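Residue-level structure breakdown
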Protein chains: 4
Amino acid sequence: MPSDETRPLLTETTFRVRFAETDMMGVVHHASYLVYFEEGRSALSRHVGSPYAMLEASGFSLAVSEVHVRYTGSARYDEEITVRSWIGQVQSRAITFEHEVVRAASGEVLARGTVRTICVDRQGRVCRLPEEWIAPFKAALALWQAAAGVQ
Amino acid sequence: MPSDETRPLLTETTFRVRFAETDMMGVVHHASYLVYFEEGRSALSRHVGSPYAMLEASGFSLAVSEVHVRYTGSARYDEEITVRSWIGQVQSRAITFEHEVVRAASGEVLARGTVRTICVDRQGRVCRLPEEWIAPFKAALALWQAAAGVQ
Amino acid sequence: MPSDETRPLLTETTFRVRFAETDMMGVVHHASYLVYFEEGRSALSRHVGSPYAMLEASGFSLAVSEVHVRYTGSARYDEEITVRSWIGQVQSRAITFEHEVVRAASGEVLARGTVRTICVDRQGRVCRLPEEWIAPFKAALALWQAAAGVQ
Amino acid sequence: MPSDETRPLLTETTFRVRFAETDMMGVVHHASYLVYFEEGRSALSRHVGSPYAMLEASGFSLAVSEVHVRYTGSARYDEEITVRSWIGQVQSRAITFEHEVVRAASGEVLARGTVRTICVDRQGRVCRLPEEWIAPFKAALALWQAAAGVQ
């Protein structure tokens, strides 16, 4: 993970663990972290100015093509957790997002994950990301790369 | 609940409780029973010969307008449970389903519920149930009512 | 539903619909409303000063014994919704909660529900609500009843 | 993925996609595949003779420490899908499982995933897998390795 200064487009969303998200181990079920990451992507896309709901409304979706998650802690019911999300990579037909879920009180990392998504149309065909929707992501990423001295 | 002899169109579906369906109380979360009932409706509609997937494919949905559930027991991970489903009432725009979830091994009733659904089109407007889809339900119900001496 | 002036202990919680909560009809799946109601109960119990997490920590749970929900609208991904929760009734072993889910922007009611819960211990036996946990609920309810002139 | 002849302990479980598992894209939500994989692990552990429920009953859990999933297709409501599960690796404190979800009718692969789990006790401490529970997994794996000529 890049340091805070060099991390682009970092969006943070904080909410409490719901009772229904726990399992009989007494902690959040591992599948719920994919839903938390998705919440992070929703917040990130609104923050950038290209809400994901807008992409859906224009007839396209971001289908998840790959996820990789490492779990390093666990969260309990009613705890406040923060999802931190940033853009990993933007390609013509794909966006990769990076996510962390941390305990809000302590900052302890509970899970880190990478989610790769590809643009599909209503028929499920892979297609180019609509330029008007992806432009703000590219602009923000370029701005950060200039600031961070990234090539 | 009517007795077995007089209960129409009874469909039974048996499966095991999934780990993710439990919560920190160690038993199945109460919202999962609505998903179990839905599985029962899927099985019932296939059994009658009018799969719910066929209704969806023709541009209509059954939106749930009311649920009433009484919980009388609890189920644990890996237990086999049986969903018993039957038709309560068929109207021009609505179908009411009755459901029970029982422990497969003992028959102990864990939950009983009534789910009322209404037919909506793609724009969410309430509309008449397509005759070709609902006819088999009506026929089965009439057959049962004749057999049971119900008016 | 009582009017705002006479409704006791009203707690409101607002959040956005998650993508994973939608189904192929394009709207929030009906089972998700039970999870929203549960979030409302969590907020209400924290607001009263007796967090539900505290009851769990002391070895007791509120098991849901009955739910009744009427659905009157639908919510889409990313929409802000508000869960309004209040206490219906407090008994020695049971609490009944009342809930509404409304569209935050318009106040349109999407679902109204009653959830009856009973106190159980770790062995699943029904038992009295611990006095130290339920007292704040009773006090708040009594205060409201005095203000509203309810007997 | 090893070929069928050399794949150890392959367990297959077939069931239908539930309506609640779909999202507004009209297909199964990506998080549901983690639940399908978990179902596969449940079936595999029962098949080997060491049901996961037995491990839980003895005071231990398998906490998921890492997941990696590649999605290559999508499934719709009511479709039959098959989860294929096998053991990747057994260590003193960890088991790695391999999974595939395929369309039952065609065998088309929809998702492949690796799930790494570690043994934890009731306090969440990492600990050795109980020998009596893990022995059947080791025996089956050794049997397969002998048959396949794997060192």
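Each remark here, short or long, concerns the structure printed above.
On a predicted model such as this, the values are computed, not experimentally measured, just so you know.

Parameters and conventions
Residues numbered from 1 in each chain as written. Chains lettered and ligands numbered in written order. Predicted model: local features only at pLDDT ≥ 70, side-chain atom pairs only at ≥ 80, totals over all residues. Heavy atoms only, no water. Helix = DSSP H or I, 4+ residues; strand = E, 2+ residues; numbered from the N terminus. Rg over C-alpha atoms; globule rule 2.2 N^0.38 Å. Buried < 20%, exposed > 50% of the residue type's maximum accessible area, 1.4 Å probe, protein only. Contact = heavy atoms within 4.5 Å. Lys, Arg positive; Asp, Glu negative; His and termini not counted. Charge placed at Lys NZ, Arg CZ, Asp CG, Glu CD. Pairing = 2+ DSSP bridges. Axes fitted to C-alpha atoms, helices over the stretch in contact; angles between N-to-C directions. Salt bridge = Lys/Arg side-chain N within 4 Å of Asp/Glu carboxyl O. Buried area = accessible area lost by both parts, 1.4 Å probe. Polar contact = N/O pair within 3.5 Å; in protein donor to acceptor, adjacent residues only side chain to side chain. Nonpolar A, V, L, I, M, F, W, Y, C, P; charged D, E, K, R; others polar. Disulfide = S-S within 2.5 Å. Expected span 1.5 Å × (residues − 1). Arc of directions from axis to C-beta. Least-squares fit on C-alpha atoms with pLDDT ≥ 70 in both.

This next bit is on the overall build of chain A. What chain A contains, in helices and strands, is three helices and five strands. Relative to the 2.2 N^0.38 estimate, which gives 15 Å for 151 residues, the radius of gyration of chain A is 16 Å and therefore close to what a compact globule would have. In terms of principal-axis extent, the alpha carbons of chain A reach across some 45 × 40 × 25 Å. The burial tally for chain A puts 56% of its 151 residues in the buried class. Of the contacts formed within chain A by residues at least 6 apart in sequence, a portion of 68% connects residues at least 24 apart. Separation between the mean location of the 16 positive side-chain charges and that of the 18 negative ones in chain A comes to 5 Å.

This part covers the sheet that holds strand β4 (residues 94-103) of chain A. Backbone hydrogen bonds hold the strands of a sheet together, and the pairing may be parallel or antiparallel. Spatially, ten strands are ordered β1(A)-β3(A)-β4(A)-β5(A)-β2(A)-β2(D)-β5(D)-β4(D)-β3(D)-β1(D) in an open sheet, and the strand pairing comes out antiparallel. Unpaired on one side and paired on the other, β1 (11-16) of chain A together with β1 (11-16) of chain D mark the two borders of the sheet. Strand-to-strand, the axes of this sheet are offset by a mean angle of 25°, without reference to chain direction. Strand direction decides the pairing type here: β4(A) and strand β5 (residues 109-121) of chain A, joined by nine bridges, are antiparallel. The partner of A:Thr96 across the bridge, within β5(A), is A:Arg116.

With that out of the way, let us pick up the sheet that holds strand β5 (residues 109-121) of chain B. Strands sit in the order β1(B)-β3(B)-β4(B)-β5(B)-β2(B)-β2(C)-β5(C)-β4(C)-β3(C)-β1(C) across an open sheet of ten strands; the sheet is antiparallel. Edge positions in the open sheet fall to β1 (11-16) of chain B together with β1 (11-16) of chain C, since each of these has one partner strand only. The mean angle between the axes of side-by-side strands here comes to 25°, regardless of whether they run parallel or antiparallel. Where strand β2 (residues 60-71) of chain B meets β5(B), eleven bridges bridge the pair, whose relative direction is antiparallel. Residue pairing in the sheet places B:His68 in a bridge with B:Thr114 of β5(B). Together, β2 (60-71), β3 (80-90) and β4 (94-103) of chain C form the strand contacts of helix α3 (residues 131-148) of chain C, whose direction differs from that of β3(C) by roughly 95°.

This part takes up the pattern of salt bridges. For the structure shown, the criterion picks out 48 salt bridges over all chains. Between B:Arg16 and B:Asp78 there is a salt bridge, with its nearest N and O atoms 3.9 Å apart. Of the two residues, B:Arg16 is situated in strand β1 and B:Asp78 in the loop between β2 and β3 (80-90); the sequence distance between them amounts to 62 residues. As a salt-bridge pair, B:Arg70 and C:Glu66 come within 3.5 Å of each other at their nearest N and O atoms. Within this pair, whereas B:Arg70 is found in strand β2, its partner C:Glu66 is found in strand β2, the two belonging to separate chains. Among the residues examined, B:Arg70 registers a relative accessible area of 46% and is labelled partly exposed. Within this structure, A:Glu12, A:Arg84, A:Glu100 and A:Arg112 form a network of salt bridges that share partners.

Contact residues are listed per partner, giving 22 residues for chain A and 22 residues for chain D. Summed over both partners, the interface of chain A with chain D comes to about 1900 Å²; 60% of that surface belongs to carbon and sulfur atoms. The interface formed by chain A and chain D holds two salt bridges in total. At the boundary of chain A with chain D, the tally comes to ten residue pairs in polar contact (both at pLDDT 80 or more). Counting only elements with at least two residues in the side of chain A that touches chain D, the list comes to α1 (32-48), α2 (52-57) and β2 (60-71) of chain A. Its residues placed into classes, the side of chain A that touches chain D shows twelve nonpolar, five polar and five charged.

Let us now look at the side chain of C:Asp78. With a relative accessible area of 10%, C:Asp78 lands in the buried category. If we skip the residues at most four places from it in the chain, C:Asp78 touches A:Ser42, A:Arg46, A:Ala53, C:Arg16 and C:Val17.

A separate point is the state of the cysteines. All names here are of chain C. Within the structure shown, the criterion is met by zero disulfides over all chains. Cysteine Cys119 remains unbridged, with the sulfur of Cys127 as its closest cysteine sulfur at 3.9 Å. Judged by its relative accessible area of 0%, Cys119 is buried.

For the rest of this paragraph, the subject is the interface of chain D and chain C. At the junction of the two partners, chain D supplies nine residues and chain C supplies nine residues. A buried area of about 830 Å², summed over both sides, lies between chain D and chain C, and 78% of it is on carbon and sulfur atoms. Along the contact surface separating chain D from chain C lie zero salt bridges. One can count four residue pairs in polar contact (both at pLDDT 80 or more) joining chain D with chain C. Partitioning the side of chain D that touches chain C into residue classes produces five nonpolar, three polar and one charged.

Right, let's get into α3(C). All names here are of chain C. The first and last C-alpha atoms of α3 sit 25 Å apart over 18 residues, in line with the 26 Å expected at 1.5 Å per residue. Of all the positions in α3, only Trp133, Ile134, Phe137, Ala140, Leu141 and Trp144 are classed as buried. Across the axial projection of α3, the buried residues extend over an arc of 120°, all falling on one side. Exposed side chains of α3 directed beyond 90 degrees from the buried face belong to Glu132, Leu143, Ala146 and Ala147. Packed against the buried residues of α3 are α1 (32-48), α2 (52-57), β2, β3 and β4. Gly149, located one to two residues past α3, shows a positive phi value of around 75°.

Another point: the relation of the copies chain A and chain D. Superposing chain A onto chain D requires a rotation of 180° together with a translation of 0.0 Å along the rotation axis, leaving an RMSD of 0.0 Å. Both copies are brought into coincidence by an operation consistent with a two-fold rotation axis. For chain A, the smallest separation between a C-alpha atom and the rotation axis is recorded for A:His68, amounting to 2.2 Å. Comparing contact sets, 100% of the residues at the interface of chain A also lie at the interface in chain D, consistent with an isologous, same-surface contact.

Nothing here speaks to function; it is all geometry.
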